[in-house]
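As a plain string of letters, each chain reads:
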Amino acid sequence: MAALKYSGMDDTDSEDELPPGWEERSTTDGWVYYANHEEMKTQWEHPKTGKKKRCAGALLYGWEQETDDKGQILYVDHINKRSTFFDPRQAFTVEDLQVKPKRYDGNSTALEVLHARDLSDRVVLVTGANSGIGFETARSFALHGAHVILACRNQSRASKAASLIMEEWRKARVEAMPLDLASLRSVREFAEIFKARKLPLHILVCNAAVCTQPWNLTEDGLETTFQICHLGHFYLVQLLQDVLRHSAPARVVVVSSESHRFTDLVGSCGKVELSLLSPPQKEYWSMLAYNRAKLCNILFSNELHRRMSPHGVTCNALHPGNMMYTSIHRSWWLMTLLFTFARPFTKSMKVRMFIRVNHFTGSWKVIHLVILS
Ligand SMILES: NC(=O)c1ccc[n+]([C@@H]2O[C@H](COP(=O)([O-])OP(=O)(O)OC[C@H]3O[C@@H](n4cnc5c(N)ncnc54)[C@H](OP(=O)(O)O)[C@@H]3O)[C@@H](O)[C@H]2O)c1
């Protein structure tokens, strides 16, 4: 009110009454705007209330909007043979209750973010959906009507996760399908079964990961962290890209990590060295392997976006937040200890932040906060 006082606008009785020098007008399509004759400016908001208004209905029967010789709009009442410069629709205006795009913060939940979204015509696939971030992501989509496929390596854990969601909403359309990202054969089989079902695919969330695993080779002869976190997903997207294209608009979301910053793919000779991706045991450090895989996630996501977005398939990578207490730490006691100490200060599974990487600069950019309840 102080601002109104200083601008001399607080001395009228009615809240809706316009201050001196202002006039209420309307556009042809019925939006009300305000003209200030002293400052020669117009604005959509009422100068006192700050509210936006629009005319409640069309012109009454017999009335017509016309333009005179000077280009001024006037309203003609053909029945009573009279005209006026005042838009008769302005006698009946309503407040414009258009919902403004909501901003999310650390207290918003995923269900709030998806609030009122009807995803019942969407098919969503989430890898590693039986626990942690993947589970909450799948749950939030399912509770908004999407047909959600939990692509997991362990069928009993996956079925349990699906049942938990169904317990919450018995109409939820969730199902589990076996997918072991540590096996290219399994990824291929998964894609074949999925394609045979002739389902569309609107959202593919590449979420599954392992961290701080001891060195191990997969059946394909590649280091496990690299294959699960990156290569398995890379292969899955390749195999499903035609389905994604046919389902456009579609999107791929790659769950990466801020920790991608603490590494690169450049070897001692100063050039990109692909052998760093699947190192031998003596050159292996689990955290570095995870960071490199997460860097691959971002490079992959950016390139995929470049290639697929012209076909209506967008791709974003995200950082979900630091040290959230999921089961990601379970392979190493030191990690579990760190996560336990950090737990009171970090986001819980109730608080989740989704961040996108700028496709061109590689810098992090918050697009929205998706906080999962
Ligand atoms: N938590 C954090 O603070 C944090 C921070 C940054 C980034 N992230 C990222 O967030 C994503 C989700 O992690 P989270 O924290 O939710 O961890 P999580 O609870 O351990 O979830 C990881 C999921 O990946 C699945 N998975 C592991 N190996 C797999 C395989 N070979 N094939 C298929 N699925 C496999 C796991 O299944 P099983 O249960 O069968 O092992 C589990 O469902 C990961 O990409 C992670 O890098 C997490």
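Please refer to the structure placed before this passage.
Numbers given for residues are sequential positions, taken from 1 along each chain in its written order. Only residues with pLDDT of at least 70 get local features here, since the model is predicted, and only at 80 or more are side-chain atom pairs given and counted; chain-wide, interface and lining totals rely on the full set of residues.

**Comments concerning the sheet that holds strand β14 (residues 313–318)**
- Strand order across the open sheet formed by 6 strands is β11-β10-β9-β12-β13-β14, with parallel pairing between neighbours. Only two strands of the sheet have a single partner each, and these edge strands are β11 (173–178) and β14. Between one strand axis and the next, the sheet turns by 15 degrees as a mean value, whatever way the strands run.
- In the packing of helix α7 (residues 286–308) onto the sheet, the strands contacted are β13 (250–255) and β14, and the crossing angle to β14 comes to about 160 degrees. Note on pairing: DSSP must find at least two bridges between two strands before they are called paired. Labels follow the DSSP assignment, with helices taken as runs of H or I lasting at least four residues and strands as runs of E lasting at least two, numbered in each case from the N terminus. For every element, the axis is a line fit to its C-alpha atoms; helices are fit only across the contacting stretch, and the angle between N-to-C directions ranges from 0 to 180 degrees. Remark: residues whose backbone-derived C-beta atoms lie within 7 Å of one another are considered to be in contact.

**What to know about the pairing of strand β6 (residues 73–77)**
- Pairing of strand β5 (residues 63–67) with β6 involves 5 bridges; the strand directions are antiparallel. Looking across to β6, one finds that E66 is bridged to L74.
- Pairing analysis gives 3 bridges linking β6 to strand β7 (residues 82–84), with the strands arranged antiparallel. Note that in β7 the partner of D77 across the bridge is R82.

**A look at the sheet that holds β6**
- With antiparallel pairing, the 3 strands of this open sheet are ordered in space as β5-β6-β7. For this open sheet the edge positions go to β5 and β7, each flanked by a neighbour on one side alone. Adjacent strand axes in the sheet meet at a mean angle of 30 degrees, parallel and antiparallel pairs treated alike.

**So, the site of the ligand**
- Here, nearness means that the C-beta atom of a residue, built from backbone geometry, sits within 6 Å of the molecule or strand in question. Residues in contact with the ligand amount to 29 residues; listed here are only the nearest, G128, G132, A208, A209 and T326.
- With 3 residues, the single largest contributor to the shell around the ligand is helix α3 (residues 132–142).
- Looking at the shell around the ligand, its residues break down into 14 nonpolar, 12 polar and 3 charged. Amino acids outside the nonpolar list (Ala, Val, Leu, Ile, Met, Phe, Trp, Tyr, Cys, Pro) and the charged list (Asp, Glu, Lys, Arg) are all regarded as polar, and Gly is one of them.

**Some points on the packing of helix α6 (residues 224–246) against α7**
- Taken N-terminus to C-terminus, the directions of α6 and α7 make an angle of 20 degrees; their axes are 7 Å apart at the nearest point. In terms of orientation, α6 lies roughly parallel with respect to α7. Residues T225, F226, C229, H230, F234, V237 and Q241 of α6 form the contact with α7, whose participating residues are S286, A289, Y290, A293, K294, C296, N297, F300, L304 and M308. Oblique is the label for any angle not covered by the other classes, which are roughly parallel (under 35 degrees), roughly antiparallel (over 145) and roughly perpendicular (65 to 115).

**Side note on the packing of helix α5 (residues 184–196) against α6**
- It is the contact of α5 with α6, at a shortest axis distance of 9 Å, that shows an interaxial angle of 20 degrees. By the angle between their axes, α5 is roughly parallel relative to α6. Between α5 and α6 lies a crossing of right-handed hand. Judged by residue contacts, L184, V187, R188, A191, F194 and K195 of α5 engage G232, Y235, L236, L239, L240 and V243 from α6.
- Its residues assigned to classes, the contact of α5 with α6 shows 9 nonpolar, 1 polar and 2 charged. The crossing is said to be left-handed when, going from far helix to near helix, the turn is anticlockwise and less than a right angle, and right-handed when the turn is clockwise.

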